[in-house]
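Residues per chain are reported as follows:
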Amino acid sequence: MSSIAAYYNGKTILITGATGFMGKVLMEKLLRSSPDVEAVYILVRPKAGQSMQERVANMVKSKVFDRVREDCPNFQEKIKPINAELTQPNLSISAKDLQELLSQVNVVFHCAATVRFDEPLKHALLLNVMGTQQLLSLARQMQKLEAFIHISTAYANCNRRNIDEVIYPPPVETKKLCDLMEWMDESVIQEITPKLIGDWPNTYTYTKALAEYLVQQEKEHLNIAIIRPSIVGASWHEPFPGWIDNFNGASGMIIAAGKGILQTVKVNNEAVADLIPVDVVINLTLAAGWYTAVHRPKTMLVYNCTTGGINPFCWGEIGYHVISTFKRNPLEQAFRIPRAQMTSNYLINQYWIAVSHKAPAMLYDLYMRLTGRKPRMMKIFNRLHKSMLLLEYFTCQSWEWSSENTNTLMAQLSPEDRRLFNFDVRQLHWSEYIENYCIGAKKYLLNEDMSGIPAAKQHLRKLRNIQYAFNTTLLVIIWRIFIARSQMARNIWYFVVSLCYKFLSYFRASSTLRH
Ligand SMILES: CCCCCCCC/C=C\CCCCCCCC(=O)SCCNC(=O)CCNC(=O)[C@H](O)C(C)(C)COP(=O)(O)OP(=O)(O)OC[C@H]1O[C@@H](n2cnc3c(N)ncnc32)[C@H](O)[C@@H]1OP(=O)(O)O
Ligand SMILES: NC(=O)C1=CN([C@@H]2O[C@H](COP(=O)(O)OP(=O)(O)OC[C@H]3O[C@@H](n4cnc5c(N)ncnc54)[C@H](OP(=O)(O)O)[C@@H]3O)[C@@H](O)[C@H]2O)C=CC1
């Protein structure tokens, strides 16, 4: 029997961020591998007009729980939602719920965070730092707590090139910064944010770094471990290959490429694309929870959960596999044929943005206006460009993360645990993974049926014909306007054509001679 699965049986777990991408996969794996878990408390807030109960009822119907639903049909009875808002004092948890948590919980998994790169600093601090601080203060009062697992990000210290499994002190004192946020005007905070975050690229990574330091400072007697995943992508195996449910990380860009919207992107083709499958992160998280609770390491362990140092794959290779998968399995109603110019050169990228993003968008919107419909393409491209600008920091450079703690943990696992809670990314076959990622995005994120592929291929053929017709028309127009009207342009044109002809004749002659 797996020691990890056995450990969680009979235990009471608390998960924050359970409605999020990683939280759902964590909950699913926990309930499936340890069906006798006592209870899984989840902190949920009402959102978008839905009460907490409605949100949870919808969530358990989600496809991600299909496997656990098959294995144990009453799995939802173990899930105990608690109304909470992490940015509010005492997390807005009622006195009754609080009592229950303090007396029952054995393990806490803290996943909740704002992952938006453009989050105003005040809100990012309130949630990612102060929310963590409040949760830690609850954890210290929990009578039966055995482990507290904090999910950070491998990019929390992205202002460094080499990142070890240690906590780096931040440049400011977190408490002083939080005090400042309390009285300072919102517009002033906005203005001084770039100065405050210094060489961090956004408020997300900055506040995650502050949160790590705070966890170390305020851990007291708690058994804590920190997990630092890199760019979390679709699942490798569990619950299904390619499972994904949001547009974060690389997923939005991959879909935009599949839809033929993204035709150019600023990346360093040789830079390592540190994608990590979500199930790998969750397996490591559960293994670390078990290890922290059972072995109680003397110091707080940080686990870098990355692929680059062990099984590197570059952005250029990702781009190639994404495009080739979408050519074989096209998305429905693509805007253009999927293809991607990937360059780290600013000017070349700007040229392609103008030619293959803005010009087609303007033409399409003109066509929409002329046919009495609402133009929308320019708006989509403006949003895409905003996202690309925020992501390019991560796609134009590489980092090196050490992974000693992660490797040591792997070595401590029994063969059965290593199989059931696999986080050995040496076995990851990238081209197969990327193919499943793209197909998973099509199926689970866009809800497109695989039976629609022949029609989608037919649509791509139509787009190709439109493109040929458009290019020919453009050539004729250019000929009429520039070449046919000017003697000099005509001479140049004949010179180029005769040069091409001579080259062709030369190659034909030399290849005949060889035979
Ligand atoms: C050939 C292709 C090759 C691929 C090349 C890939 C290149 C680059 C790839 C990736 C590098 C990633 C590096 C990450 C490293 C960090 C690691 C971590 O720790 S990761 C934490 C991750 N956090 C994020 O990833 C948040 C990033 N996102 C944001 O901050 C925001 O989304 C932002 C500022 C980029 C855009 O904000 P808005 O306000 O314009 O849009 P919004 O609110 O996000 O979305 C509005 C609606 O549109 C959908 N949407 C978003 N993106 C979409 C898309 N691409 N296509 C379709 N719909 C999309 C959303 O689902 C949303 O829908 P509804 O309103 O909820 O129904
Ligand atoms: N995705 C990635 O690529 C990576 C993620 N991480 C880290 O992993 C963790 C999980 O990320 P992921 O699952 O992708 O993120 P999601 O955005 O999918 O989920 C975030 C979760 O946090 C909850 N949450 C947000 N604000 C509050 C609040 N004020 N009160 C209560 N709950 C709140 C959300 O609840 P609600 O549904 O109500 O919004 C949601 O459940 C985060 O800590 C993130 O930093 C690290 C590296 C990479």
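Residues numbered from 1 in each chain as written. Chains lettered and ligands numbered in written order. Predicted model: local features only at pLDDT ≥ 70, side-chain atom pairs only at ≥ 80, totals over all residues. Heavy atoms only, no water.

Bringing the overall build of the protein into the picture now. Each helix and strand counted, the protein has 19 helices and 13 strands in total. A principal-axis box enclosing the C-alpha atoms of the protein has dimensions of 90 × 55 × 50 Å. Within the protein, buried positions represent 51% of all 515 residues. Counting only contacts in the protein whose residues sit at least 6 apart along the sequence, the fraction spanning at least 24 positions is 83%. When the accessible surface of the protein is totalled, it reaches about 25,100 Å², and 56% of it is carbon and sulfur. Of the side chains in the protein, 57 bear a positive and 44 a negative charge, and the two mean positions are spaced by 12 Å. (Helix = DSSP H or I, 4+ residues; strand = E, 2+ residues; numbered from the N terminus. Buried < 20%, exposed > 50% of the residue type's maximum accessible area, 1.4 Å probe, protein only. Contact = heavy atoms within 4.5 Å. Areas by Shrake-Rupley, 256 points an atom, 1.4 Å probe, with all protein chains shown as cover. Lys, Arg positive; Asp, Glu negative; His and termini not counted. Charge placed at Lys NZ, Arg CZ, Asp CG, Glu CD.)

So, on to the UniProt feature "domain: Fatty acyl-CoA reductase C-terminal" (unreviewed entry) in the protein. Sequence positions flagged by UniProt for "domain: Fatty acyl-CoA reductase C-terminal" (unreviewed entry) are, in local numbering, residues 357-448. Across residues 357-448, helical content stands at 70% and strand content at 2%; the span's end C-alpha atoms are separated by 25 Å. (UniProt positions renumbered as here; feature names shortened; annotations may be inferred.)

Attention shifts here to the pairing of strand S1 (residues 12-16). A regular strand places its side chains so that they alternate between the two faces of the sheet. Of all five residues that make up S1, five are buried, and the element is covered over most of its length. With five bridges joining them, S1 and strand S2 (residues 39-44) adopt parallel strand pairing. Bridge pairing in S2 links Ile 13 to Val 40. Two elements, S1 and strand S4 (residues 107-110), share four bridges in a ladder whose sense is parallel. Pairing of Ile 15 across the sheet is with Phe 109, part of S4. (Pairing = 2+ DSSP bridges.)

One can find Thr 207 in helix H9 (residues 203-217). Setting aside residues up to four positions removed in sequence, Thr 207 forms contacts with Leu 121, Ala 124, Leu 125, Asn 128 and Val 129.

Between helix H10 (residues 251-258) and helix H12 (residues 315-328), the shortest axis-to-axis distance is 9 Å and the interhelical angle comes to 45°. In this view, H10 runs oblique relative to H12, as classed from their interaxial angle. Like other packed secondary-structure pairs, H10 and H12 cross with a definite hand, here right-handed. Across the interface between the two elements, Ile 254, Ala 257 and Gly 258 from H10 touch Val 322, Ile 323 and Phe 326 from H12. In terms of residue class, the contact of H10 with H12 is built from five nonpolar, one polar and no charged. (Axes fitted to C-alpha atoms, helices over the stretch in contact; angles between N-to-C directions. Parallel < 35°, antiparallel > 145°, perpendicular 65-115°, else oblique. Left-handed = near helix turned anticlockwise from the far one by under 90°. Nonpolar A, V, L, I, M, F, W, Y, C, P; charged D, E, K, R; others polar.)

Moving on to the site of ligand 1. If you check the shell around ligand 1, you find 26 residues, and the closest are Arg 116, Phe 117, Tyr 204, Gly 249 and Arg 383. Within the backbone of Phe 117, an N or O atom sits 2.8 Å from an oxygen atom of ligand 1. The contact in question runs from a nitrogen atom of ligand 1 to an N or O atom on the backbone of Gly 252, over 3.2 Å. The fraction of the free accessible surface of ligand 1 (1,400 Å²) that becomes covered by protein chains is 73%. Examining the composition of the shell around ligand 1, we find that seven residues originate from one element, helix H14 (residues 377-395), more than from any other. Considered class by class, the residues forming the shell around ligand 1 number 14 nonpolar, eight polar and four charged. (Near = heavy atom within 4 Å. Polar contact = N/O pair within 3.5 Å; in protein donor to acceptor, adjacent residues only side chain to side chain.)

Moving on to the packing of aromatic side chains. Any aromatic ring pair is given by two values, namely how distant the centres are and how the planes are angled relative to each other. Applying the stated criterion across every chain, the model contains 24 aromatic pairs. Plain terms: the ring middles of Tyr 155 and Trp 401 are 5.3 Å apart, the flat faces sit at 85° to each other, and that makes the pair edge-to-face. Separated by 246 residues along the polypeptide, Tyr 155 in the loop between strand S5 (147-151) and strand S6 (162-163) and Trp 401 in strand S13 (residues 400-401) bring together distant segments of the chain. Here the two residues Tyr 155 and Trp 401 agree in accessibility, since each one is buried. (Phe/Tyr/Trp six-rings, centres within 6.5 Å; stacked < 30°, edge-to-face > 60°.)

Once that is clear, we can look at the domain arrangement of the protein. Many authors give the size of an interface as the accessible area that is lost as the parts come together. When cut into domains, the protein gives domain 1 (3-240 + 274-311 + 398-423) and domain 2 (485-515). For domain 1 versus domain 2, the separation of C-alpha centres amounts to 65 Å. (Domains from an automatic or database assignment.)

Right, let's get into the site of ligand 2. By nearness alone, 26 residues border ligand 2, and Thr 19, Arg 45, Arg 55, Glu 85 and Tyr 204 come closest of all. In this structure, Arg 55 approaches ligand 2 through a side-chain N or O atom, which is 2.6 Å from an oxygen atom. A distance of 3.0 Å separates a nitrogen atom of ligand 2 from a polar backbone atom of Leu 86. Expressed as a share of its isolated accessible area of 900 Å², the protein-covered part of ligand 2 is 91%. The set of elements that each furnish at least two residues to the shell around ligand 2 consists of helix H2 (21-33) and H9.

Summary statistics for the protein give a mean pLDDT of 94 and a share of 99% for residues scoring 70 or more. Overall fold confidence for the complex sits at a pTM of 0.92, while the interface term, ipTM, reaches 0.90. (pLDDT = per-residue confidence, 0-100.)

With that settled, the discussion passes to the environment of Ala 124. By the element assignment, Ala 124 lies in helix H6 (residues 121-141). Between the C-alpha atoms of Ala 124 and Thr 114, which are ten residues apart in sequence, the distance is 6.4 Å. Not counting chain neighbours up to four residues away, the residues in contact with Ala 124 comprise Thr 114, Glu 119, Val 129, Thr 203 and Thr 207.

A few words now on the sheet that holds S2. Two pairing modes exist for strands in a sheet, parallel and antiparallel, and in both the strands are linked by backbone hydrogen bonds. Pairing in this open sheet of seven strands is parallel, and the strands run S3-S2-S1-S4-S5-S7-S11 from one edge to the other. At either margin of the open sheet sits one strand with a lone partner, and together these are strand S3 (79-83) and strand S11 (301-305). Between one strand axis and the next, the sheet turns by 20° as a mean value, whatever way the strands run. Pairing of strand S7 (residues 224-229) with S11 involves five bridges; the strand directions are parallel. Within S11, the residue paired with Ile 227 across the bridge is Tyr 303. Seen against the sheet, helix H11 (residues 278-295) touches S4, S5, S7 and S11 and runs at an angle of roughly 150° to S5.

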